Amino acid sequence: MKPENQRYFAELIGTFALVFVGAGSVVADYLTGGAVGLLGIALAHGLVLMAMIYSLGNVSGGHFNPAVTTAFVFAGKMKPKTGAYYILFQLLGAVIAGFALLAVFPFAPSPIHLGAPALNSDLQVSFAIGTLIEIILTFFLVFVVFAVAMDKRNSTPMIGLAIGFTLALGILVGGPFTGAALNPARAFGPAIVSQFFTNQLVYWIGPIVGGLAAASLYTSAFMPRQQKT
């Protein structure tokens with residue numbers, strides 16, 4: 001397989017794993033009456049992301065998130081064409097994960113929407129507030145990605161752990177309000193299969209804006225000058 005195709009396939013596999021395990025943990029929690037819990041859901045997302053980064057990061061860089069890829073393109077760390085293919089394969093992996101979830105949980109009731117994130121109506125989370133939560137939490141996720149994966153001063157074997165646990169912490173904070181996708185693909189895959197598109201734009205606008213803000217701040221304020229190009 002050509003190196004570029006390896007990268008795209010790695011992004012598909014990694015995103016599939018993240019969406020299947022992440023959304024699957026939400027479905028499992030619903031079906032078991034809360035046995036998994038918010039902490040379990042957060043750890044499921046964080047641990048699978050960590051595992052995929054350690055498994056496939058050496059192939060593709062381990063984005064598994066259109067918000068991360070968009071931030072890399074914005075910062076000049078990836079060509080736009082390559083970024084477009086990354087996002088295409090990430091979304092494809094997410095949709096395949098959605099169908100896999102449907103196959104595994106055909107009895108999952110419609111209110112759970114195969115684990116697709118949703119704004120908490122009981123807490124009256126508005127579109128604006130939900131988007132702001134996704135912006136802030138994705139900002140920290142992408143900020144950590146740039147700090148530990150892009151900044152050579154932070155060369156460490158703990159990259160996957162840092163990024164995975166940042167996602168887990170984001171879910172602990174934002175999960176009760178927005179589902180804390182912090183990733184358009186995480187929202188897109190289950191939504192496509194369950195045909196649940198309510199407030200879907202929250203999970204595109206928020207993560208992408210947050211990711212771009214993180215990339216802009218880190219590269220302008222913290223990245224060594226010789227690494228900016």
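Below is a summary of the structure that appears in this document. Residue positions are given per chain, counting from 1 as you read along its sequence in written order. Thresholds applied to this predicted model are a pLDDT of at least 70 for local features of residues and 80 or more for the giving and counting of side-chain atom pairs; totals over whole chains, interfaces and linings are not thresholded and use all residues. Heavy atoms throughout the structure, all of them, feed into the side-chain values; hydrogens and water do not.

### Focus on the overall build of the protein
Looking only at helices and strands, the protein features eight helices and zero strands. Numbering goes from the N terminus for both helices and strands, where a helix is a DSSP run of H or I of at least four residues and a strand is a run of E of at least two. Helices (α) and strands (β) of the protein occur, in sequence order from the N terminus, as α-α-α-α-α-α-α-α. Each of the three principal axes of the protein carries a C-alpha extent, and together these read 55 × 40 × 30 Å. Accessible surface computed for the protein: about 10,300 Å², of which carbon and sulfur atoms make up 69%. In this tally, Asp and Glu contribute negative charge and Lys and Arg positive charge; neither His nor the terminal groups of the chain are included. Charged groups are reduced to one reference atom each: NZ for lysine, CZ for arginine, CG for aspartic acid, CD for glutamic acid. If you average the places of the 10 positive and of the 6 negative side-chain charges in the protein, the two averages end up 19 Å apart. All accessible-area figures derive from a Shrake-Rupley calculation using a 1.4 Å probe, and residue coverage is judged against the displayed protein chains alone.

### Looking at the packing of aromatic side chains
Two rings belonging to Phe, Tyr or Trp (six-membered ring only in the last case) form a pair when the distance between their centres is within 6.5 Å. Interplanar angles under 30 degrees mark stacking, angles over 60 mark edge-to-face geometry, and anything in between is tilted. Enumeration over the complete set of coordinates arrives at 12 aromatic pairs. Taking the centre distance of 5.5 Å and the plane angle of 40° together, the rings of Y218 and F222 count as tilted. Placement of the pair is Y218 and F222 together in helix α8 (residues 202-222), with a separation of four residues, close to one helical turn. The exposure class of Y218 is buried, given its relative accessible area of 5%. Three or more aromatic residues joined by ring pairs form one cluster here, namely F139, F140, F143, Y218 and F222. Note on exposure labels: buried denotes an accessible area under 20% of the residue type's maximum, exposed denotes more than 50%, and partly exposed covers the range between, all computed with a 1.4 Å probe on protein chains only.

### A word on a nonpolar patch on the surface
Together, L38, L39, L43, L47, F165, L169, L172 and V173 give the surface a local cluster of nonpolar side chains, amounting to about 660 Å² of exposed area. Relative to the elements of secondary structure, V173 occurs in helix α6 (residues 159-178). Its relative accessible area of 52% is what places V173 among the exposed residues. Patch membership requires more than 30% relative accessible area and the absence of a salt bridge. Residues of like charge join within 9 Å; the nonpolar side chains Val, Leu, Ile, Met, Phe, Trp and Tyr join within 5 Å. Any Lys or Arg side-chain nitrogen found within 4 Å of a carboxyl oxygen on Asp or Glu counts as a salt bridge.

### Observations regarding the environment of G46
Counting through the fold element by element, G46 comes out in helix α2 (residues 37-60). A residue is classified by how much of its surface remains accessible, and G46, at 3% relative accessible area, is buried. Linking G46 and L169, residues 123 residues apart in sequence, is a C-alpha distance of 8.3 Å. If sequence neighbours within four positions are ignored, G46 has contacts with G164, L167 and A168. Residue contacts follow a heavy-atom distance rule, with two residues in contact if any of their heavy atoms lie within 4.5 Å.

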